[in-house]
Amino acid sequence: MDEVFQGQVAVVGLGYIGLPTAVSLAVGGVEVIGVDVNEATVEAVSRGELPFVEPDLAIGVSGAVTMGRLTATTKTPEADAYIIAVPTPFRDDHQADLSHVRAAVEEIAPRLRGGEIVVLESTSPPGTTEGVSRWLEELRPDLVAPHTSEGVPDFHVAHCPERVLPGRIMVEMITNDRVVGGVTRRCAAKAASIYRVFSKGEIHLTDAASAEMAKLVENAYRDVNIAFANELSLISEELRLDVWEIIKMANHHPRVDILTPGPGVGGHCIAVDPWFIVGAAPQLSRLIRTAREVNDSKPHHVAEQVVAKTERFRNPTVACLGLAYKANVDDLRESPAMDIVTDIADALPDLDLRVAEPFVDHLPPALDGRPHVRLQRVHEAIDDADIVVVLVDHDHFRSLSRSRLEGKVLYDTRGIWR
Ligand code: SAJ
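Since the structure is predicted, the reported quantities are computational estimates derived from the model, not experimental observations.

### Comments concerning the environment of A327
With respect to the element layout, A327 can be found in the loop between β9 (317–321) and α12 (336–347). Residue A327 is classed as partly exposed on the basis of its relative accessible area, which comes to 22%. It is 32 Å that separates the C-alpha atoms of A327 and T128, two residues lying 199 residues apart in sequence. In contact with A327, not counting residues within four places along its chain, are V392, D393 and H394.

### Things to note about the nonpolar core
In this structure, L25, L70 and I194 are the most contacted members of the largest nonpolar core, which totals 40 residues. With residues near it in sequence (within four places) discarded, L25 still touches V9, V11, V30, V32, I83, I194, V197 and F198. V306, C320, L323 and L367 belong to the second largest nonpolar core, which has 24 residues in total.

### Focus on the site of the ligand
Near the ligand, the surroundings consist of 21 residues, among which E162, K215, R222, T260 and Y325 are the closest. In the environment of the ligand, an oxygen atom lies 2.6 Å from a nitrogen or oxygen atom belonging to the backbone of V164. In the model, an oxygen atom of the ligand is placed 2.9 Å from a nitrogen or oxygen of the K326 side chain. Partitioning the shell around the ligand into residue classes produces 9 nonpolar, 4 polar and 8 charged. Structurally, the shell around the ligand is a two-domain feature, drawing no fewer than three residues from each of domain 1 (8–201) and domain 2 (218–412).

### Side note on helix α3 (residues 57–66)
Of the positions making up α3, those classed as buried are L57, G60, V61, A64 and V65. Along the axis of α3, the buried positions cluster into a sector of 120°, meaning they face one direction only. Residues of α3 that are exposed and angled more than 90 degrees away from the buried face: I59 and T66. Contacts from the buried residues of α3 go to α1 (18–27), α2 (39–46), β3 (70–73) and α6 (169–175). Two residues or fewer past α3, G68 is found with a positive phi of approximately 80°.

### Details of the pattern of salt bridges
Note that side chains of opposite charge can pair when their charged atoms are close. Following the criterion strictly, the structure yields 27 salt bridges and no others. The partner of R113 in a salt bridge is E116, and the shortest N-O contact between them spans 3.5 Å. Judged by its relative accessible area of 49%, R113 is partly exposed. A salt bridge links R292 to D296, with the shortest nitrogen-to-oxygen separation between them at 3.0 Å. Placement of the pair is R292 and D296 together in helix α11 (residues 286–310), with a separation of 4 residues, close to one helical turn. Each of E78, D80, R113 and E116 takes part in one network of salt bridges that share partners.

### A look at helix α5 (residues 128–139)
Between its terminal C-alpha atoms α5 stretches 16 Å, which fits the 16 Å expected from 12 residues at 1.5 Å a residue. Among the residues of α5, those classed as buried are T128, T129, G131, V132, S133 and L136. Residues of α5 that are buried sit in contact with α4 (99–108), β5 (116–120), β6 (155–159) and α8 (208–238).

### Side note on the packing of aromatic side chains
Taken as a whole and assessed by the stated rule, the structure comprises 3 aromatic pairs. Note on F90 and W275: the rings are 6.4 Å apart at their centroids and 65° apart in plane angle, and the pair reads as edge-to-face. Taken together, the residues F90 in the loop between β4 (81–84) and α4 and W275 in helix α10 (residues 273–280) connect sequence positions 185 residues apart. The exposure class of F90 is partly exposed, given its relative accessible area of 28%.

Definitions and cut-offs
- Residues numbered from 1 in each chain as written.
- Predicted model: local features only at pLDDT ≥ 70, side-chain atom pairs only at ≥ 80, totals over all residues.
- Heavy atoms only, no water.
- Helix = DSSP H or I, 4+ residues; strand = E, 2+ residues; numbered from the N terminus.
- Buried < 20%, exposed > 50% of the residue type's maximum accessible area, 1.4 Å probe, protein only.
- Contact = heavy atoms within 4.5 Å.
- Core = buried A, V, L, I, M, F, W, Y, C linked by side-chain atoms within 4.5 Å.
- Near = heavy atom within 4 Å.
- Polar contact = N/O pair within 3.5 Å; in protein donor to acceptor, adjacent residues only side chain to side chain.
- Nonpolar A, V, L, I, M, F, W, Y, C, P; charged D, E, K, R; others polar.
- Domains from an automatic or database assignment.
- Arc of directions from axis to C-beta.
- Salt bridge = Lys/Arg side-chain N within 4 Å of Asp/Glu carboxyl O.
- Expected span 1.5 Å × (residues − 1).
- Phe/Tyr/Trp six-rings, centres within 6.5 Å; stacked < 30°, edge-to-face > 60°.

Here it is, written out as structure tokens:
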């Protein structure tokens, strides 16, 4: 019988991944202590509330807190296992910024008593998990670290990358297969026992660097495929062809499955992770780098097209629909829609620019305070607009009545109204 973890888990980082993981463990019967540097997040979770929007998570958090299985704190406690789920952004030179991982490790090190499991879930360049083991060794020279011996170490270190899709996190947390890469085989087996608490997917054991690379490759694969679709959209625009029709036709081939073009690629994963591969092997990652560049250049192209469309109006009003990085989420991180609206506002500071985003109550700081940019309900924004630009395919926009759009110039980057 495969071992299933019993004990107390501290989940460090209560964000889009840490909090759903904490809830899944708590619902599976484990006592979980959530740790976050942000006091507002800790207070919200302690009240059983959700600091961000994600289907089915709110009920999970309130249930886990009410049952007494999930508590939250700003201080890393003693525990039997630690799951690190902190951000790993990239710096200006595209190298990974591991400062949050390091900070988490510095808080965990003094709490180790022997026998603990430390799992890094944050997406990281190859070698980071072994680096965590080295950091712990440096901070706790009294303990035997796993990278120094295949024998029984004083603590175990592994990588288990998250693979859940925002918008479906609570479903995929349970159903997805997991890859667990250990600094040693024993580390991988120990870490796998934690995921058996809630995962119904298969758990695949490997070494730490392969698990790190597999995660990066998954997102780079998707980035390259979206870049293909985005490049087709640029070519089709130039040739005055309908990219949606072309992709629909091509996808009738049994071995062709082209993804959907859009205004660019956003979010904190696909727009970031491929750079970690480029950073690890810059000379060899030509396709991966180019895909990033194609996807990153798309928002500027869309903004330029919108600006060009305003030229035939004397005092145009433009409605931009959506700010989130993708449909039906409230996450604005690395959002192409944000870049596009900001670019348009910068290019035409006097333009009457209406923004509709049902998932936010206030304009984000990059747009707030600009006298000609307003956040409005979608109907208000559209009714006054000469030009309507679809930036996000929220269900809310899909269901809009076409009669409201009559007589307006439409620029639909998501193809929802064709
Ligand atoms: N997008 C397109 N066209 C498409 C698909 C997506 O333009 O055909 C855009 C979206 O609008 C969005 C971006 O790409 O701006 C990324 O969206 P997504 O839904 O493809 O992915 P994420 O970033 O929300 O989540 C991804 C997932 N990875 C894969 O599907 C390989 C998820 O499983 C990962 O857990 C997540 O990254 C992560 O955290 O790494």
